[in-house]
Amino acid sequence: MHRAEIDPIWQDLTVIERLVHESRTVAVVGLSPTPTRPSHIVASYLVKSGLRVFPVNPNIATWEGLPAFTSLRDIGEPVDIVDVFRRPEFVPEIAEEAVEIGAGALWLQMGVISEPGARIAADGGLDVVMDRCLRVEHREVAGWS
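First, a word on scope: everything that follows refers to the structure included in this document. If you're wondering where the values come from, they're calculated on a predicted model, not measured in any experiment. (Residues numbered from 1 in each chain as written. Predicted model: local features only at pLDDT ≥ 70, side-chain atom pairs only at ≥ 80, totals over all residues. Heavy atoms only, no water.)

## A few points about helix α5 (residues 134-142)
Taken together, the buried positions of α5 are occupied by Leu 134, Glu 137 and His 138. On an axial view of α5, the arc spanned by its buried residues comes to 100°, and they lie on one face. Looking at the packing, one finds that the buried side of α5 touches α1 (13-22), β1 (25-29), α2 (38-48), β5 (81-84) and β6 (105-108). (Buried < 20%, exposed > 50% of the residue type's maximum accessible area, 1.4 Å probe, protein only. Helix = DSSP H or I, 4+ residues; strand = E, 2+ residues; numbered from the N terminus. Arc of directions from axis to C-beta. Contact = heavy atoms within 4.5 Å.)

This is the structure in structure tokens:
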């Protein structure tokens, strides 16, 4: 399977390092209640590393004792990073919501590649990271294990 070329602007190490150092809240869109799913593993790591996680999944009421939200609009608090674990076709709508709520960044996990979604977020003033794992980058930059 051929992977799409990623514009290097979406993998800027300066942006990644700044987001890891400055962010305190992360909305995990598509967070699964299944412990073996990547979204669950990443969110668990983020909580353990001291970040505040907002689970976003309309199909669950809670995740690990935290209330889950149907959409980003329902959170009602500032969100530094919107971390997306949804298929690329859903990203433009998520990007629009992220801009609408004034999030700081749109982070598209490994394999989530959406140039239209990235453009929507960037045009709305958000930092964008695409096709990178927040857990991996956080561990590298912050030194957590």
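## Overview of the pattern of salt bridges
Applying the stated criterion across every chain, the model contains 7 salt bridges. Where Glu 115 meets Arg 119, a salt bridge forms, and the shortest distance between an N and an O atom there is 3.5 Å. Highlighted residues: Glu 115 and Arg 119, both in helix α4 (residues 115-123), separated by 4 residues, approximately one helical turn. For Glu 137, the salt bridge identified is with Arg 132, shortest N-O distance 2.9 Å. (Salt bridge = Lys/Arg side-chain N within 4 Å of Asp/Glu carboxyl O.)

## Observations regarding the sheet that holds β1
The strand order β2-β1-β5-β6-β7 describes an open sheet built from 5 strands, whose pairing is parallel. A single partner strand is all that each edge strand has here, and the edge strands are β2 (52-56) and β7 (127-130). Each neighbouring strand pair of the sheet contributes to a mean axis angle of 20°, computed without reference to strand direction. Sheet analysis places β1 next to β2, joined by 5 bridges and oriented parallel. Within β2, the position partnered with Val 26 by the bridge is Val 53. Across the sheet, α4 lies against β6 and β7, angled at about 160° from β7, the strand it touches most. (Pairing = 2+ DSSP bridges. Axes fitted to C-alpha atoms, helices over the stretch in contact; angles between N-to-C directions.)

## Let's talk about the nonpolar core
In this structure, Leu 72, Ile 75, Val 82, Val 84 and Leu 106 are the most contacted members of the largest nonpolar core, which totals 25 residues. Contributing elements (two or more residues each) for this core: β1, β2, β5, α3 (91-100), β6, α4 and β7. Per element, the largest residue contribution to this core is 4 residues, and it comes from α3. In this structure Leu 72 touches Ala 27, Val 29, Val 56, Val 82, Ile 94, Glu 97, Ala 98 and Ile 101, once residues within four positions along its chain are discounted. Membership of the second largest hydrophobic core comes to 22 residues, among which are Ile 16, Val 28, Phe 85 and Cys 133. (Core = buried A, V, L, I, M, F, W, Y, C linked by side-chain atoms within 4.5 Å.)

## Some points on the packing of α1 against α5
Look at α1 against α5: their axes get within 9 Å of each other, and the N-to-C directions meet at 80°. With respect to each other, α1 and α5 are oriented roughly perpendicular. The residues of α5 that touch α1, namely those facing Ile 16, Glu 17, Val 20 and His 21, are Glu 137, His 138, Val 141 and Ala 142. Across the contact of α1 with α5, the residue classes break down as 4 nonpolar, 2 polar and 2 charged. (Parallel < 35°, antiparallel > 145°, perpendicular 65-115°, else oblique. Nonpolar A, V, L, I, M, F, W, Y, C, P; charged D, E, K, R; others polar.)

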